[in-house]
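The lines below spell out each chain.
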Amino acid sequence: MKTVSIDSNSALPKYKQIVLSVEVAIAEQRLKRGDKLPSVNKVSLEFSISRDTVLLAYDELKKRGIIYAILGKGYYVKSVEFSFEQRFFLLFDELNSFKEDIYMSFLEAMNNKAQIDIFFHHFNIDMFKKLINESNGNYSKYIIMSTNLAEAAAVIKTLPKQDVYVLDQTNSDLKEYPSVHQNFIKDMYNALVEAKPLLEKYQKTVLIFPGFREPLGMKIGFEKFCVDFVIPFEIITEFSDREIQQGEVYVIPDDRDLVKVIEQSKEQSLQLGVDFGIISYNETPLKKVVENGITTISTDFKAMGIILAEMILENKKEQIENENRLILRKSL
């Protein structure tokens, strides 16, 4: 990784980007005491900036006692014992129990090695743009949960590329960024294949898919499974004014719909796991005990936070699919 990096799309002035680059390189131990920095001319030519801009950055580092100059030879690292606290920008879609698991495990794995500020865009693209625009240049790392917002990729690309990490969902427009994510098509498909012996006792499999918050990959994986194995299926956008038919099994990504389906089953005096079935998405402690246990398809959210922290601390640039599994309980 280069000692000095400059992002022309960043709102941070170029001389400050040079200062931050050197600080990060020292903090990550890529630069050690006595190491030589790239020459003023080299940085100037490589990034097509003026020599004055580079000199301004190096002078600031000199004033802070981080580097020193030897006339006719160049600039060298003087001290690695300076106060440099990394600041991380976390942008989540919303706060719920599984997002809290990601956040808390990430925080614990970071072990106070950075100041971490968390924000929420609530699936609102205007809020998404506002929070990113206002944070641009103020943080050393940007961790973004972009969900399926249509303009998200373009907004993310205004941030310094080398400092961005994508969390939970990614796509082809974001493939250049390191990520810890779920593969929703594969995860849904594989989980339903595993559950197939139990699904075969039902007459129809119904996916409740509002499509606002839910990743499109869930729907694609569901449809592919049903078509491949000739499973009668239906996809609905909401569960309202609907009676549950005996022999139906519901695949439910949103817990709001899970509550509605269970409430409706009680009105109809139907027994879950006998008259109809449920597969919920995303494991929570409550699903272990509700209605004698709800079958779930879920990733390990705590592992996601730990892997993300390790990736950042070790300066890895990878795209990692987080493990997903089917947890069978009496609702199926």
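Let us look at the structure shown here. Because the structure is predicted, anything quoted here is derived from the model rather than measured.

The next point concerns helix α4 (residues 97-110). Its 14 residues place the ends of α4 20 Å apart at the C-alpha level, agreeing with the 20 Å of an ideal helix rising 1.5 Å per residue. Buried within α4 we find Phe98, Lys99, Ile102, Tyr103, Ser105, Phe106 and Met110. The inward-facing, buried residues of α4 abut β3 (86-92), β4 (114-120), β5 (141-144), β6 (164-168), α9 (255-267) and α10 (301-313). Positive backbone phi, approximately 55 degrees, marks Asn111, located one or two places after α4.

What follows covers the packing of helix α2 (residues 40-47) against helix α3 (residues 51-63). One way to put it is that α2 packs onto α3 with a least axis distance of 9 Å and a crossing angle of 125 degrees. Here α2 lies oblique to α3, going by the angle between them. Viewed along their axes, α2 and α3 form a crossing whose handedness is right-handed. Where α2 approaches α3, its residues Val40, Asn41, Val43 and Ser44 are matched on the opposing element by Arg51, Val54, Leu55 and Tyr58. Looking at the contact of α2 with α3 residue by residue, the classes come out as 5 nonpolar, 2 polar and 1 charged.

Across the sheet, 6 strands lie side by side as β4-β3-β5-β6-β7-β13; this open sheet has parallel pairing. Only two strands of the sheet have a single neighbouring strand rather than two, namely β4 and β13 (319-321). Between one strand axis and the next, the sheet turns by 15 degrees as a mean value, whatever way the strands run. Pairing analysis gives 3 bridges linking β5 to β6, with the strands arranged parallel. Paired with Ile143 across the strands is Tyr165, a residue of β6. The sheet contacts of helix α5 (residues 125-135) involve β3, β4 and β5, and relative to β3 the element is tilted by about 175 degrees.

Among the structural elements, Tyr15 can be located in helix α1 (residues 14-27). Judged by its relative accessible area of 22%, Tyr15 falls in the partly exposed class. Separated by 43 residues in sequence, Tyr15 and Tyr58 place their C-alpha atoms 8.5 Å apart. Not counting chain neighbours up to four residues away, the residues in contact with Tyr15 comprise Thr53, Leu56, Ala57 and Glu60.

It is worth spelling out the side chain of Thr147 at this point. Assignment of secondary structure puts Thr147 in the loop between β5 and α6 (152-156). Aside from chain neighbours lying at most four places away, what touches Thr147 is Asp93, His121, Phe123 and Gln169.

On to the pairing of β6. Burial within β6 is extensive, with 5 of its 5 residues counted as buried. Note that β6 and strand β7 (residues 179-181) share 3 bridges and pair parallel. Directly across from Leu167, in β7, lies its bridge partner Val180.

Turning our eyes to something else, we now look at the sheet that holds strand β14 (residues 324-327). If you walk across this open sheet you meet the 6 strands as β9-β8-β10-β11-β12-β14, and the pairing is mixed. Every other strand in the sheet has two partners, leaving β9 (233-236) and β14 as the edge strands with one partner each. Looking at each pair of strands side by side, their axes are set apart by 15 degrees on average, direction ignored. Relative to strand β10 (residues 248-252), strand β8 (residues 204-208) runs parallel, the two being bridged by 4 bridges.

Before going further, it helps to examine the pattern of salt bridges. Applying the stated criterion to the full structure yields 24 salt bridges. A salt bridge links Glu28 to Arg30; its shortest N-O distance comes to 3.0 Å. We classify Arg30 as partly exposed; its relative accessible area is 28%. A salt bridge links Arg213 to Glu94; the nearest nitrogen and oxygen atoms lie 3.6 Å apart. Taken as a pair, Arg213 in the loop between β8 and α8 (216-228) and Glu94 in the loop between β3 and α4 lie far apart in primary sequence, 119 residues in all. Judged by relative accessible area, which is 17%, Glu94 ranks as buried.

Conventions and cut-offs
Residues numbered from 1 in each chain as written. Predicted model: local features only at pLDDT ≥ 70, side-chain atom pairs only at ≥ 80, totals over all residues. Heavy atoms only, no water. Helix = DSSP H or I, 4+ residues; strand = E, 2+ residues; numbered from the N terminus. Expected span 1.5 Å × (residues − 1). Buried < 20%, exposed > 50% of the residue type's maximum accessible area, 1.4 Å probe, protein only. Contact = heavy atoms within 4.5 Å. Axes fitted to C-alpha atoms, helices over the stretch in contact; angles between N-to-C directions. Parallel < 35°, antiparallel > 145°, perpendicular 65-115°, else oblique. Left-handed = near helix turned anticlockwise from the far one by under 90°. Nonpolar A, V, L, I, M, F, W, Y, C, P; charged D, E, K, R; others polar. Pairing = 2+ DSSP bridges. Salt bridge = Lys/Arg side-chain N within 4 Å of Asp/Glu carboxyl O.

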